[in-house]
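Read off the chains here:
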Amino acid sequence: MASEIKEFNKLYHDYHGLFIRFARTYVTDEEDAEDIVMDGLIYYWENRKSLSDSSNIPAYILETIKHKCLNYLRHQRIKEETEQYLAEHQVRVNNLRIATLEACDPQEIFSNEAQQLIQEALDSLPEKTRKIFIMSRYEGKNYQEIAEQNSLSVKSIEFHISKALKVLRSKLKDYLMAFFL
């Protein structure tokens with residue numbers, strides 16, 4: 001057992017520096033290169049009994065380190081490609097969000113919504129009240145003209161308009177608050 005420890009220490013002492021320089025040629029991170037070299041030495045040590053006596057031990061360990069460096073670099077490449085893909089994906093997502101926001105017209109959204117609420121409110125009014133309100137607000141007729149066409153008094157027209165406005169205010173209360181803000 002003591003002779004095995006001496007053997008490992010001699011191998012480590014004689015070749016560690018060379019192995020580190022080799023690994024650092026390909027793996028730029030010092031700690032990662034050190035880990036690869038140690039993994040290579042441990043791999044050799046665990047498998048040394050299966051090697052023939054004529055094996056070139058330093059070459060065997062260097063070959064192991066070479067393969068570990070290749071695996072490390074391939075892993076780094078996959079990691080970088082994945083990070084690049086994710087970054088490109090995020091750029092596409094952000095561009096889509098920007099385009100959507102640029103195309104968004106709050107005036108149109110609120111206008112369409114308000115029109116729908118107004119139409120719902122008008123549809124909920126009694127027929128006579130709706131007709132009088134439309135004549136006043138959409139056709140631009142004054143109360144006297146509406147009263148004459150409907151054989152009603154001006155006071156009756158005022159009542160119907162007031163009733164319609166009350167319903168509209170109720171339906172549009174949340175919209176009007178947002179509009180004022």
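Residues numbered from 1 in each chain as written. Predicted model: local features only at pLDDT ≥ 70, side-chain atom pairs only at ≥ 80, totals over all residues. Heavy atoms only, no water.

Caption draft 1: Focus on the overall build of the protein. A tally of regular secondary structure across the protein gives seven helices and zero strands. Computed over the C-alpha atoms, the radius of gyration of the protein is 42 Å, more than 25% above the 16 Å expected from 2.2 N^0.38 for a compact globule of 181 residues. Counting the 181 residues in the protein, one finds 23% classified as buried. Each charge class in the protein can be summarised by its mean position, and for the 24 positive and 29 negative side chains these summaries are 8 Å apart. (Helix = DSSP H or I, 4+ residues; strand = E, 2+ residues; numbered from the N terminus. Rg over C-alpha atoms; globule rule 2.2 N^0.38 Å. Buried < 20%, exposed > 50% of the residue type's maximum accessible area, 1.4 Å probe, protein only. Lys, Arg positive; Asp, Glu negative; His and termini not counted. Charge placed at Lys NZ, Arg CZ, Asp CG, Glu CD.)

Caption draft 2: Spotlight on the packing of aromatic side chains. Counting across every chain of the model gives five aromatic pairs. Pairing F22 with Y26 gives two aromatic rings, centres 5.4 Å apart and planes at 65°, and the pair type is edge-to-face. Of this pair, F22 and Y26 both sit in helix α1 (residues 2-26), four residues apart, roughly one helical turn. For F22, a relative accessible area of 23% corresponds to the partly exposed category. (Phe/Tyr/Trp six-rings, centres within 6.5 Å; stacked < 30°, edge-to-face > 60°.)

Caption draft 3: A look at unusual backbone geometry. One non-glycine residue, S151, adopts positive backbone phi at about 55°. Mapped onto the secondary structure, S151 falls in the loop between α6 (143-150) and α7 (154-180). The class for S151 is exposed, based on a relative accessible area of 69%.

Caption draft 4: A look at the packing of helix α2 (residues 30-47) against helix α3 (residues 57-103). Their axes nearest at 9 Å, the elements α2 and α3 cross at an angle of 130°. In this view, α2 runs oblique relative to α3, as classed from their interaxial angle. The handedness of the crossing between α2 and α3 comes out as right-handed. Contacts from D32, I36, V37, D39, G40, L41, Y43, Y44 and N47 of α2 reach α3 at I57, Y60, I61, T64, I65, K68, C69 and Y72. Counted by class, the contact of α2 with α3 contains eleven nonpolar, three polar and three charged residues. (Axes fitted to C-alpha atoms, helices over the stretch in contact; angles between N-to-C directions. Parallel < 35°, antiparallel > 145°, perpendicular 65-115°, else oblique. Left-handed = near helix turned anticlockwise from the far one by under 90°. Contact = heavy atoms within 4.5 Å. Nonpolar A, V, L, I, M, F, W, Y, C, P; charged D, E, K, R; others polar.)

Caption draft 5: Representation of the pattern of salt bridges in the model. If you walk through the whole model with that rule in mind, you get eight salt bridges. In this structure, K10 and D14 form a salt bridge, with 2.7 Å as the shortest nitrogen-oxygen distance. Taken together, the positions of K10 and D14, both in helix α1 and four residues apart, correspond to about one turn of that helix. The exposure class assigned to K10 is exposed, which follows from its relative accessible area of 52%. Judged by its relative accessible area of 40%, D14 is partly exposed. Residues E139 and K141 are paired through a salt bridge, measuring 3.5 Å at the closest nitrogen-oxygen approach. Residues joined in a network through salt bridges with shared partners are E4, R48 and K49. (Salt bridge = Lys/Arg side-chain N within 4 Å of Asp/Glu carboxyl O.)

Caption draft 6: A look at the environment of R77. Note that R77 resides in helix α3. Sequence separation between R77 and T129 is 52 residues; the distance between their C-alpha atoms is 74 Å.

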